[in-house]
Amino acid sequence: TVVIPTLNKRRDYLKAAVDSVAKQTTQPYEIIIINNGLGEINTSNFTVPVKCLNTVYKAGVAQARNIGVTLASTNYIAFLDDDDLWASDYIELMVDRIKSKNPDCLIARLDQINDKNIIAPFKNADGHLNKNNIYIKNPGITGSSIVVSKNAFIQVGGFDSKLSTSEDKALILEFLIRNFKVITVPECQAILRQHQLKDRLTGNKNMANGIYLFYQ
């Protein structure tokens, strides 16, 4: 299952995100969009079937993802933010590792795309995934690069909805602290979109507060 949280403010980005799922060499079982923005999602823009659920306005990305997991029909869930993308073999490579390694959580390589559609290397958690690294920096963890087992996700309590940022790092910490099996898949490419200041949903003040709460 692919879970896409959205505020329904950046419709062109959302369409591009869904299109990157539609182009996968291995198609997902289902795509669930959780809208915690205002207005309805226009599903006629998409080339593949999607399920949409409207939730509380600005409930937050963590809560939106948690809701998506509870609705998922499968035991493995991949998260994709509404402004990010995947390489076309993302799901295929993740499924291959799930079958061969039976992990509780998988983390892809993270590259960046700019406003000129140029993709460049950004971060890779492979070889750097441990608790100490996560406490002092982000080795390459974001919602769009994470795949989880639903059973393990529920056991760790899902994403912490009190965190406005750093909820992705906090989730991986919970997996590691509880000795769940977390693996990296460096050949699997998630693509993080670089934004101009006007397009960002999280300002510097919210970012700083999120980091403070993360350390608490």
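Remember, it's a predicted structure, so these values are computed and weren't measured experimentally.

Rules used throughout
- Residues numbered from 1 in each chain as written.
- Predicted model: local features only at pLDDT ≥ 70, side-chain atom pairs only at ≥ 80, totals over all residues.
- Heavy atoms only, no water.
- Salt bridge = Lys/Arg side-chain N within 4 Å of Asp/Glu carboxyl O.
- Helix = DSSP H or I, 4+ residues; strand = E, 2+ residues; numbered from the N terminus.
- Buried < 20%, exposed > 50% of the residue type's maximum accessible area, 1.4 Å probe, protein only.
- Patch = residues over 30% accessible without salt bridge, like charges linked within 9 Å, V, L, I, M, F, W, Y side chains within 5 Å.
- Areas by Shrake-Rupley, 256 points an atom, 1.4 Å probe, with all protein chains shown as cover.
- Disulfide = S-S within 2.5 Å.
- Core = buried A, V, L, I, M, F, W, Y, C linked by side-chain atoms within 4.5 Å.
- Contact = heavy atoms within 4.5 Å.

Enquirer: Lay out the pattern of salt bridges with the relevant residues and their values.
Expert: Scanning the model with the defined rule gives 11 salt bridges in all. Note that R65 and D81 form a salt bridge whose closest N and O atoms lie 3.0 Å from each other. Here R65, found in helix α2 (residues 61-71), pairs with D81, found in the loop between β4 (76-79) and β5 (85-86); they are 16 residues apart in sequence, far enough to count as distant. Through salt bridges with shared partners, a single ionic network connects R10, D82 and D83.

Enquirer: Tell me what's going on with helix α6 (residues 167-177), and back it up with residues and numbers.
Expert: With 9 of its 11 residues buried, α6 lies for the most part within the structure. Among the residues of α6, those classed as buried are E167, D168, K169, A170, L171, I172, L173, F175 and L176. Positioned one or two residues after α6, N179 has a phi angle of 60 degrees, which is positive.

Enquirer: Pulling in residues and values, what's your account of a nonpolar patch on the surface?
Expert: On the surface, Y135, I136, I177, M207, I211 and Y215 cluster together into a nonpolar patch covering about 590 Å² of accessible area. Those elements giving two or more residues to the nonpolar patch turn out to be α4 (131-136) and α7 (204-215). Among the elements that line the nonpolar patch, the one with the most residues is α7, at 3 residues. Mapped onto the elements, I136 comes out in helix α4.

Enquirer: Explain the state of the cysteines to me, and be specific about the residues and the numbers.
Expert: Enumeration according to the criterion identifies 0 disulfides in this entry. Between C105, a cysteine without a disulfide, and C188, which holds the nearest cysteine sulfur, the sulfur-to-sulfur distance is 12 Å.

Enquirer: Kindly report on the nonpolar core, identifying the contributing residues and their values.
Expert: The biggest cluster of nonpolar side chains holds 31 residues, and the ones touching the most others in it are F79, C105, I146, V148, L171, I172 and F175. Among the secondary structure elements, those contributing two or more residues to this core are β2 (31-35), α2, β4, β6 (105-113), β8 (146-149), α5 (150-155) and α6. For this core, the element with the highest residue contribution is α6, accounting for 6 residues. Non-local contacts of I172, meaning those with residues more than four positions away in its chain, are made with C105, I107, L129, I134, I141 and I146. By size, the runner-up hydrophobic cluster in this structure holds 30 residues, among which are L14, I33, V50 and L110.

Enquirer: Could you give an account of the environment of T55, with specific residues and numbers?
Expert: By the secondary structure assignment, T55 is in the loop between β3 (51-54) and α2. Residues T55 and I34, spaced 21 residues apart in sequence, show a C-alpha to C-alpha distance of 7.0 Å. Ignoring any residue separated from it by four or fewer positions in sequence, one finds T55 in contact with I34, N35, N36 and I67.

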